[in-house]
Amino acid sequence: MLRHGKRIDSFFLSHLLYFSGLLQLGHSLAPPVAKRNAINVIYAGYPDRYPEYQAYLEEAFQEFRLDVSLSDNIHENPSEVDYIIYNPKGPLQDFSTYTNAKAVFNLQAGADAVTNNPTLSGSIPLTRMVDPGLREGMVEYVVGHVMRYHLSMDQLKEWAQGSILTPLARQRIVGILGLGELGGSCADALSSLNFRIYGWSRSKKEREGIHCFHGASGLDTVLSESDILVLLLPNTPETQNLINRHSLSKCKTSVCLINAGRGSSIDEDDLLVALDDGTVSGATLDVFKTEPLPSDHGFWRHPRVLVTPHIAAKSRAASASRVVAENIQRAENNQPLLYVVDRDNGY
Ligand code: NDP
Ligand code: OXD
């Protein structure tokens, strides 16, 4: 028993000395493994949100088993940066020194402010942000304002019980221009509340419970049938001023508009005329041709316009960080990235 115990003691002792020697040697001669093989990621989003993003990104990198060196110093060794986390309103505008970047991850859902940046080489993949937080936020914004119009909440100013009989949701058609990630989720949410949904996209689609239309003739049907029209379109040459005097003339009298996509989709002067002559009975506008919306703009003081300051939906650091980490993992494994911007189409 004693002899056996002695054997075990000496076995452990010799191995302990061996491993501690290795550890010490490694510690003094080689840099930490994490640094030697790290993937270099630069954060170039809003500077004041870095502390929040840093914490969530580091958590997400661990979850996705990525050995990342993360920094917000955009000037430090740009040629060694592998991935760029980006916001068009952040500190980075010139990508030309990032000669070895493997991808740029835009933290915004819309990519219009970066697709035309001449310093970003077309060979570097660009992704946009679609995270669960942003999606949920947009669904809440759109459903909230559709319900506001549906229930005529802006008209409830006096005790006029007898004259109010709100149609049921199943009697209303909500048109959704832009049936993408966000438009599709809003369509599903509104459909689950019994609204009849007419969705419009560039390409032909099928979506359970949604009447799908596309192309020019499809647009005419959606415009002429909808009681409430929701815009969730990207800013591209094709979508500019899509809503104008001509297209508004095809709409039901007293249609309501909700624009949470991009301000470029609406001819603002034509909309003001349509609001004045009653073609459009209400507009909720979150995005504008010029942002912030100039203080003398007619939308601010129009009684049938609700202006919100481009807040319909925002990426949330916790869920957006996971999307970034998943995309880095995909890129490192040579798998296709999520939410890649098609720069020819502009979205
Ligand atoms: P997606 O790219 O997933 O969807 C865009 C949709 O628009 C697609 O259905 C697309 O058609 C359709 N579309 C594009 N061009 C045309 C066209 N010429 N004719 C008809 N349909 C067209 O984008 P998301 O849903 O993620 O986001 C939509 C937009 O919302 C963003 O581009 C951004 O500008 C805006 N946004 C605004 C926010 C805010 O806070 N206000 C927040 C987040 C986003 P197809 O499916 O055939 O490609
Ligand atoms: C946008 C966003 O694209 O805030 O507007 O993500």
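Residues numbered from 1 in each chain as written. Chains lettered and ligands numbered in written order. Predicted model: local features only at pLDDT ≥ 70, side-chain atom pairs only at ≥ 80, totals over all residues. Heavy atoms only, no water.

A. Fine view of the overall build of the chain. Counting its secondary structure elements, the chain contains 11 helices and 12 strands. Per-residue burial for the chain yields a buried fraction of 45% across its 347 residues. Considering only intrachain contacts with a sequence separation of at least 6, the fraction spanning at least 24 residues in the chain is 62%. In the structure as shown, the chain presents an accessible area of about 18800 Å², 53% of it carried by carbon and sulfur atoms. (Helix = DSSP H or I, 4+ residues; strand = E, 2+ residues; numbered from the N terminus. Buried < 20%, exposed > 50% of the residue type's maximum accessible area, 1.4 Å probe, protein only. Contact = heavy atoms within 4.5 Å. Areas by Shrake-Rupley, 256 points an atom, 1.4 Å probe, with all protein chains shown as cover.)

B. View of the site of ligand 2. With respect to spatial proximity, the complete set of residues near ligand 2 consists of Gln108, Ala109, Gly110, Leu134, Arg262, His310 and Ala313. One of the backbone nitrogen or oxygen atoms of Ala109 is found 2.8 Å away from an oxygen atom of ligand 2. Taking Arg262, its side chain carries an N or O atom lying 2.8 Å from an oxygen atom of ligand 2. In isolation ligand 2 offers 210 Å² of accessible surface; the protein chains occlude 89% of this area. Residue composition of the shell around ligand 2, by class: three nonpolar, three polar and one charged. (Near = heavy atom within 4 Å. Polar contact = N/O pair within 3.5 Å; in protein donor to acceptor, adjacent residues only side chain to side chain. Nonpolar A, V, L, I, M, F, W, Y, C, P; charged D, E, K, R; others polar.)

C. Layout of helix H5 (residues 132–150). The terminal C-alpha atoms of H5, which comprises 19 residues, lie 26 Å apart, in line with the 27 Å expected from a rise of 1.5 Å per residue. Backbone geometry just downstream of H5 places Ser152 in the positive-phi region, at approximately 50 degrees. (Expected span 1.5 Å × (residues − 1).)

D. Structural view of the sheet that holds strand E8 (residues 211–214). If you walk across this open sheet you meet the seven strands as E8-E7-E6-E9-E10-E11-E12, and the pairing is parallel. Among the strands making up the open sheet, the edge pair consists of E8 and strand E12 (305–307). Recorded for the sheet is a direction-independent mean angle of 15 degrees between the axes of neighbouring strands. As paired elements, strand E10 (residues 255–259) and strand E11 (residues 280–285) share five bridges and run parallel to each other. (Pairing = 2+ DSSP bridges. Axes fitted to C-alpha atoms, helices over the stretch in contact; angles between N-to-C directions.)

E. Looking closely at the sheet that holds strand E5 (residues 126–127). Pairing is parallel across the open sheet formed by five strands, whose spatial order is E2-E1-E3-E4-E5. The sheet is open, and its two borders are formed by strand E2 (68–71) and E5, each paired with just one other strand. Both strand E1 (residues 39–44) and strand E3 (residues 83–86) contribute to a ladder of four bridges, which runs parallel. Within E3, the position partnered with Ala44 by the bridge is Tyr86. Its contacts with the sheet place helix H11 (residues 317–332) against E1, E3, strand E4 (103–106) and E5, and it is angled at close to 155 degrees to E3.

F. Representation of the pattern of salt bridges in the model. Applying the stated criterion to the full structure yields 12 salt bridges. Between Glu63 and Arg322 there is a salt bridge, with its nearest N and O atoms 2.5 Å apart. With Glu63 in helix H3 (residues 50–63) and Arg322 in helix H11, this residue pair connects regions lying 259 residues apart in the sequence. Since its relative accessible area comes to 45%, Glu63 is described here as partly exposed. Across the pair Lys102 and Asp82 runs a salt bridge, and its minimum N-O distance is 3.9 Å. Of the two residues, Lys102 is situated in the loop between E3 and E4 and Asp82 in the loop between E2 and E3; the sequence distance between them amounts to 20 residues. What makes Lys102 partly exposed here is its relative accessible area of 37%. A residue is classified by how much of its surface remains accessible, and Asp82, at 14% relative accessible area, is buried. Linked through salt bridges whose partners overlap, the residues forming this network are Asp82, Lys102 and Glu332. (Salt bridge = Lys/Arg side-chain N within 4 Å of Asp/Glu carboxyl O.)

G. Representation of the environment of Glu59 in the model. With respect to the helices and strands, Glu59 occurs in helix H3. Residue class for Glu59 comes out exposed when judged on its relative accessible area of 54%.

H. Looking closely at the confidence of the model for the chain. With 90% of its residues at a pLDDT of 70 or more, the chain has an overall mean of 91. Confidence scores differ between elements of the chain, with helix H1 (residues 2–29) showing the lowest mean pLDDT of 42 and strand E6 (residues 173–177) the highest of 99. A low-confidence stretch, residues 1–35 stays under pLDDT 50, and its non-local contacts, those more than four residues away or across chains, total six contacts. (pLDDT = per-residue confidence, 0-100.)

I. Local environment of a nonpolar patch on the surface. A cluster of nonpolar residues, Met153, Leu156 and Ile164, forms a patch on the protein surface that exposes about 270 Å² of accessible area. Within the secondary structure, Met153 sits in the loop between H5 and E6. A relative accessible area of 44% means that Met153 is categorised as partly exposed. (Patch = residues over 30% accessible without salt bridge, like charges linked within 9 Å, V, L, I, M, F, W, Y side chains within 5 Å.)

J. Structural detail: the packing of aromatic side chains. In the structure shown here, the tally under the stated rule is six aromatic pairs. Centroid distance Tyr43 to Tyr50: 5.0 Å. Interplanar angle 40 degrees. Geometry classified as tilted. The same class applies to Tyr43 as to Tyr50, namely buried. With a centroid separation of 5.7 Å and 15 degrees between ring planes, the pair formed by Tyr83 and Phe105 is classed as stacked. Of this pair, Tyr83 sits in strand E3 while Phe105 sits in strand E4; the two residues are 22 residues apart in sequence, bridging distant segments of the chain. Exposure remark for Tyr83: the relative accessible area of 0% places this residue in the buried category. The exposure class of Phe105 is buried, given its relative accessible area of 2%. Aromatic rings pair up to connect Tyr43, Tyr50 and Tyr53 into one cluster. One cation-aromatic arrangement involves Arg148 over Tyr149; the distance from NZ or CZ to the ring centre is 4.7 Å. (Phe/Tyr/Trp six-rings, centres within 6.5 Å; stacked < 30°, edge-to-face > 60°. Lys NZ or Arg CZ within 6 Å of the ring centre and 35° of its normal.)

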